[in-house]
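One letter stands for each residue in the lines below.
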Amino acid sequence: MRTQVVIIGSGPSGLLLGQLLAGIGVENVILERVDRDYVLGRVRAGVLEQGTVDLLDEAGAGARMRAEGLPHDGISLAFDNRLHRIDLAALTGGKRVTVYGQTEVTHDLMDKRSAAGLMTVYDAKNVLPQGFDTASPFVTYEKDGVTHRIDCDFIAGCDGFHGVSRKSVPQDALKLFERAYPFGWLGILAEVPPADHELIYANHPRGFALCSMRSEHRSRYYVQCPIDDKVENWSDERFWDELRLRLPKEAAEKVTVGPSFEKSIAPLRSFVAEPMQFGRLSLVGDAAHIVPPTGAKGLNLAASDVRYLFSGLKEFYLDKSPAGIDAYSGKALSRVWKAVRFSWWMTTMLHRFPDTDAFGQRIQEAELDYLVHSQAAATSLAENYVGLPY
Ligand code: FAS
Ligand code: PHB
């Protein structure tokens, strides 16, 4: 079989790239290791930058997001028992974020893809990108015990942190940068109204907490937990008590408790693989980089990688120029590192680190104090949070 672009991974980056390529007549096939329901069962991001919203519109998959997504003009920082609102829109000339779950984004893109009759092979095992250091790359995979080969022009490795694409690159050709954080996030979903109409990021001596949402009747909450903690250690009751202890009184009083229907612990890490391109194989999204979710950047970085790669492929196929493809890695990494910095900064400022001494504690307090009393400092947070320009 032959196609123009093989996309490995049916997460948001693979699906978004596939939709954009189909929109300009570039044939593509997605190979996905698990089944559709498994992909949709993962609960992850919740905040979309404007650039991501615009890309979903361009891919023709933005209708439900426009109808059900919640536009937010601000966030609140909570510390010393007080809430401090950061007016994102006022500080960035009207830019905002949209709260709309990654699960819904993935669902909308999958529906769009199947409505267009585009090929996705689910349960594709032992996917292996090959020949990408030549002009005739191909990908092999197994399905129902039969080995298949797809010849193509390009391979997009959209297969996440644990995928095969980055691992298929000669390891001496990769430069890896990593920072593991000594804690995790315990997250829950509950069919209860959110505590506030906007997100609350809380710095508390007991640890970080985040109040988010998926809609006006579905809340998403997180509390920082030990790196080796287990979900079974957290009853709903313990979670709700701990969350309210970490919030200012005025916010804690507005938390509506109820049974959780999803509860999971995610480790936090910063990770970047350089470069993001090896001949005809390009790494996209979590396959190339991971950020702690504190800055709400993971999904949005995947979207900006897709935009850079899509415009390079568009130039290749429509203008017959390789320039955009050749520039992909450099362009993507420039924005990646700024988002990695912001996510590290937000994580460092808002979490309790086991090895923070008295000096470090005062620096964290000074950082927060400066943020809420300086327009320049707040503007810097705001322009990063709504998304730096592509
Ligand atoms: P994904 O990991 O989403 O998708 C990769 C796809 O490739 C998967 O479907 C996988 O099954 C498939 N795959 C893997 N190996 C394969 C192989 N060998 N062959 C074929 N297919 C293969 N980001 C935020 O902005 N905010 C958050 O709150 C947030 N929370 C997160 C919580 C968790 C537990 C995790 C893991 C991530 C979180 N993220 C968050 C980041 C997350 O949203 C990612 O940035 C986003 O999913 C990236 O999308 P993709 O690059 O498409 O990778
Ligand atoms: C979420 O709603 O899941 C969410 C929102 C903002 C973040 C991280 C996660 O920074």
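An unreviewed UniProt entry annotates the protein chain as 4-hydroxybenzoate 3-monooxygenase of Mesorhizobium zhangyense.

### Structural notes on the site of ligand 1
Around ligand 1 lies a shell of 30 residues, among which Ser13, Glu32, Arg42, Arg44 and Gln102 are the nearest. At a separation of 2.5 Å, an oxygen atom of ligand 1 approaches a polar side-chain atom of Gln102. At 3.2 Å, a backbone N or O of Gly298 approaches an oxygen atom of ligand 1. When ligand 1 sits alone it has 990 Å² of accessible area, and the protein chains cover 87% of it. Contributing elements (two or more residues each) for the shell around ligand 1: α1 (12-23) and α9 (298-319).

### So, the sheet that holds strand β15 (residues 209-215)
The strand order β6-β5-β14-β15-β16-β13-β17-β20 describes an open sheet built from eight strands, whose pairing is mixed. Lying at the two open borders of the sheet, with one neighbouring strand each, are β6 (82-86) and β20 (289-290). One ladder, built from 13 bridges, connects strand β13 (residues 175-190) with strand β17 (residues 260-274); its direction is antiparallel. By the bridge assignment for β17, Leu189 is matched with Glu262.

### Points about the packing of α9 against helix α11 (residues 328-350)
A pair of packed helices is characterised by two quantities: the angle between their axes and the separation of those axes. Running from N to C, α9 and α11 cross one another at 160 degrees; their axes reach a closest spacing of 9 Å. Overall, the two elements α9 and α11 adopt an arrangement that is roughly antiparallel. Crossing geometry of α9 relative to α11 is assigned as right-handed. Mapping the contact onto sequence places Asn300, Leu301, Ser304, Asp305, Tyr308 and Leu309 in α9 and Tyr328, Lys331, Ala332, Arg335, Val336 and Ala339 in α11. In terms of residue class, the contact of α9 with α11 is built from seven nonpolar, two polar and three charged.

### Considerations on helix α6 (residues 102-115)
Over its 14 residues, α6 extends 20 Å from the first C-alpha to the last, a length consistent with the 20 Å expected when each residue adds 1.5 Å. Of all the positions in α6, only Gln102, Val105, Thr106, Asp108, Leu109, Met110 and Arg113 are classed as buried. Positive phi appears at Gly117, one or two residues downstream of α6, with a value of about 70 degrees.

### Some details on unusual backbone geometry
Cis geometry is found at the peptide bond from Glu274 to Pro275, where omega equals -15 degrees. Summarising the element assignment, Pro275 is placed in the loop between β17 and β18 (277-278). The backbone phi angle of Lys320 is positive, close to 60 degrees, even though this residue is not glycine. With respect to the helices and strands, Lys320 occurs in the loop between α9 and α10 (323-326).

### Some thoughts on the packing of aromatic side chains
Here the structure, examined in full by the defined rule, presents 15 aromatic pairs. Taken together, a centroid distance of 5.1 Å and an interplanar angle of 15 degrees make the contact between Trp185 and Phe208 stacked. Taken together, the residues Trp185 in strand β13 and Phe208 in the loop between β14 (199-202) and β15 connect sequence positions 23 residues apart. Each member of the pair, Trp185 as well as Phe208, carries the same accessibility label: buried. Ring centres 6.3 Å apart and planes at 50 degrees place the aromatic pair Tyr201 and Phe208 in the tilted group. With respect to class, Tyr201 is no different from Phe208; both count as buried. Taken together, the ring pairs in this structure connect Trp185, Tyr201, Phe208, Tyr222 and Tyr385 into an aromatic cluster.

### So, the sheet that holds strand β19 (residues 281-283)
Spatially, β8-β2-β1-β12-β19-β18 is the arrangement adopted by the six strands of the open sheet, whose pairing is mixed. The two strands at the open ends of the sheet, each matched to only one other strand, are β8 (120-121) and β18. Pairing analysis gives two bridges linking β18 to β19, with the strands arranged antiparallel. Across the sheet, the residue bridging to Phe278 is Leu281, located in β19.

### Notes on the pairing of β15
Among the seven residues in β15, seven count as buried, and that is most of the element. Relative to β15, β14 is paired through three bridges, and the arrangement is antiparallel. The residue of β15 that forms the bridge with Tyr201 is Leu210. Remark: six residues form the turn of the hairpin made by β14 and β15, two consecutive strands paired antiparallel; Gly207 in that turn has positive phi of roughly 135 degrees. If you look at the hairpin formed by β15 and strand β16 (residues 218-226), you'll find two residues sitting between the two strands.

What counts, and at which threshold
Residues numbered from 1 in each chain as written. Chains lettered and ligands numbered in written order. Predicted model: local features only at pLDDT ≥ 70, side-chain atom pairs only at ≥ 80, totals over all residues. Heavy atoms only, no water. Near = heavy atom within 4 Å. Polar contact = N/O pair within 3.5 Å; in protein donor to acceptor, adjacent residues only side chain to side chain. Areas by Shrake-Rupley, 256 points an atom, 1.4 Å probe, with all protein chains shown as cover. Helix = DSSP H or I, 4+ residues; strand = E, 2+ residues; numbered from the N terminus. Pairing = 2+ DSSP bridges. Axes fitted to C-alpha atoms, helices over the stretch in contact; angles between N-to-C directions. Parallel < 35°, antiparallel > 145°, perpendicular 65-115°, else oblique. Left-handed = near helix turned anticlockwise from the far one by under 90°. Contact = heavy atoms within 4.5 Å. Nonpolar A, V, L, I, M, F, W, Y, C, P; charged D, E, K, R; others polar. Expected span 1.5 Å × (residues − 1). Buried < 20%, exposed > 50% of the residue type's maximum accessible area, 1.4 Å probe, protein only. Phe/Tyr/Trp six-rings, centres within 6.5 Å; stacked < 30°, edge-to-face > 60°.

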